[in-house]
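Structural characterization, general
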Amino acid sequence: MAKKEEKVLGFKVCTLEYNKLLTNIKKDLTNNKSNIIYNINPLIVMNFYKNELIKEKFNEQKYNIPDGIGTVLALKIHGIKIPSRIAGIDLFQDFLNVAAKDKYKVYLYGAKKEVVTKAKENIEKQYKGINIVGITSGYEREDKALANIIKTKPDMLFVATGSPKQEEFIINNEDKLKDIRLIMPVGGSFDVISGYTKRAPKVWQKLKLEWLYRMIKEPKRIKNNLNLFKFMYLVVFKNNK
Ligand code: UDP
């Protein structure tokens, strides 16, 4: 049985069941308690596992999600069974729903200009009444993005500049972003929502092979793929919790 949280290679993972997690975060939003939701997946863990400072920053948060079957497997190897994998993009879309219903202001930062513009358009179509107060491409200067985020005072900020850039942006500017109630790095989500990239077909998702689909579709992600194997090696052979 899993406790409320477990660790994978030193990174805290929230093991709450999906709906419970969403309910808790919604409550925090209402009570004005801030959360940063990091995704714990093999690639992100490998980006940071040697960096104690960043690990500490991740571990200050309550709701880091087991995004990626690798995380679920790593826990399983240590005898911990968790309810399920939580895909960052699913949670992101549920937050958009909450934002539209409860009138939280949203900011989208990341991806190419045409991608984030189209993502905004699609989100506004799908989540009626949503208030997107700003967007910035992930190829603009970070200080410019930061200034605009602060100026527009969003309640929710989604950062999609890829890992490690997105997590470093959040951590380096934590003080300046502290009034934002919900911050989440969301990787390639704007590419998917804009329609520029397709998510793996449902059957691949069901078979828990979304990672394999991406690997085949984007072989240029070779470094990421190597990290995936390195992650499993560490988990299995180093018994490194
Ligand atoms: N990206 C960005 N700025 C950068 C590098 C990447 O905005 O300097 C965007 C990229 O356009 C894509 C997203 O980050 O929309 C995720 O990139 P990638 O697929 O490399 O990351 P992952 O999904 O593996 O986190």
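The structure this text deals with has already been given above.
Residues numbered from 1 in each chain as written. Predicted model: local features only at pLDDT ≥ 70, side-chain atom pairs only at ≥ 80, totals over all residues. Heavy atoms only, no water.

1. Points about the overall build of the protein chain
Helix and strand content of the protein chain: 12 helices and 9 strands. The C-alpha atoms of the protein chain give a radius of gyration of 17 Å, which matches the 18 Å a tight globule of 241 residues would have. The principal-axis extents of the C-alpha atoms in the protein chain amount to approximately 50 × 40 × 35 Å. Counting every position in the protein chain, which comprises 241 residues, the buried fraction comes to 51%. (Helix = DSSP H or I, 4+ residues; strand = E, 2+ residues; numbered from the N terminus. Rg over C-alpha atoms; globule rule 2.2 N^0.38 Å. Buried < 20%, exposed > 50% of the residue type's maximum accessible area, 1.4 Å probe, protein only.)

2. Observations concerning the packing of aromatic side chains
Considering all chains together, one arrives at 8 aromatic pairs under this definition. Summarising the aromatic geometry, the rings of F48 and F58 are spaced 5.6 Å apart at their centres and angled 50° between planes, so their arrangement reads as tilted. Taken as a pair, F48 in helix α2 (residues 42–48) and F58 in helix α3 (residues 52–59) lie far apart in primary sequence, 10 residues in all. Through a chain of ring-to-ring contacts, the aromatic side chains of F11, Y38, F48 and F58 assemble into a single cluster. (Phe/Tyr/Trp six-rings, centres within 6.5 Å; stacked < 30°, edge-to-face > 60°.)

3. Describing unusual backbone geometry
With an omega of 10°, the peptide bond running from S163 to P164 counts as cis. Checked against the element boundaries, P164 lands in the loop between β8 (156–160) and α8 (165–172). Backbone geometry at L9 places phi at a positive 45°, although glycine is not the residue there. Relative to the elements of secondary structure, L9 occurs in the loop between β1 (5–8) and β2 (11–14). In the Ramachandran plot, A111 falls in the positive-phi region, its phi being about 70° despite a non-glycine side chain. Residue placement: A111 occurs in the loop between β6 (105–110) and α6 (113–126).

4. A word on the pattern of salt bridges
Once the charged atoms of two side chains with opposite charge are near each other, the side chains can pair. Scanning all chains against the criterion turns up 11 salt bridges. A salt bridge links E124 to K120, with the shortest nitrogen-to-oxygen separation between them at 3.0 Å. Of this pair, E124 and K120 both sit in helix α6, 4 residues apart, roughly one helical turn. Taking relative accessible area as the criterion, E124 reaches 31% and is therefore assigned partly exposed. With its nearest N and O atoms 3.6 Å apart, the salt bridge here joins D155 to R181. Placement of the pair is D155 in the loop between α7 (142–152) and β8 and R181 in the loop between α8 and β9 (182–185), with a sequence separation of 26 residues. On the basis of relative accessibility, which here comes to 13%, the residue D155 falls in the buried class. On the accessibility criterion, R181 (19% relative accessible area) is buried. Linked through salt bridges whose partners overlap, the residues forming this network are K57, E60 and E174. (Salt bridge = Lys/Arg side-chain N within 4 Å of Asp/Glu carboxyl O.)

5. Quick notes on the site of the ligand
In the vicinity of the ligand, 14 residues are found, and the nearest of them are A111, Y139, K165, D191 and R221. Within the side chain of Y139, an N or O atom sits 2.8 Å from an oxygen atom of the ligand. The contact in question runs from an oxygen atom of the ligand to an N or O atom on the side chain of K165, over 2.8 Å. Coverage of the ligand by the protein amounts to 73% of the 540 Å² it exposes when considered alone. By residue class, the composition of the shell around the ligand is 3 nonpolar, 7 polar and 4 charged. (Near = heavy atom within 4 Å. Polar contact = N/O pair within 3.5 Å; in protein donor to acceptor, adjacent residues only side chain to side chain. Areas by Shrake-Rupley, 256 points an atom, 1.4 Å probe, with all protein chains shown as cover. Nonpolar A, V, L, I, M, F, W, Y, C, P; charged D, E, K, R; others polar.)

6. So, the packing of helix α1 (residues 18–30) against helix α5 (residues 88–102)
In the contact formed by α1 and α5, the axes pass within 12 Å of each other and the chain directions differ by 40°. With respect to each other, α1 and α5 are oriented oblique. In this structure, the crossing between α1 and α5 has a hand that is right-handed. Two secondary-structure elements touch here, α1 through Y18, L21, L22, I25, K26 and L29 and α5 through D90, L91, D94, F95 and V98. Its residues placed into classes, the contact of α1 with α5 shows 8 nonpolar, no polar and 3 charged. (Axes fitted to C-alpha atoms, helices over the stretch in contact; angles between N-to-C directions. Parallel < 35°, antiparallel > 145°, perpendicular 65-115°, else oblique. Left-handed = near helix turned anticlockwise from the far one by under 90°. Contact = heavy atoms within 4.5 Å.)

7. Looking at the pairing of β9
Side-chain alternation along β9 places L182 and M184 on one buried face and I183 and P185 on a second face that is also buried. The pairing of strand β3 (residues 35–36) with β9 spans 2 bridges and is classified as parallel. Paired with N35 across the two strands is L182, which belongs to β9. Bridge analysis of β8 against β9 gives 4 bridges, and the strand direction is parallel. The partner of F158 across the bridge, within β9, is M184. For the segment spanning β8, α8 and β9, crossover handedness is right-handed. (Pairing = 2+ DSSP bridges. Right-handed = clockwise from strand over helix to strand, strands pointing away.)

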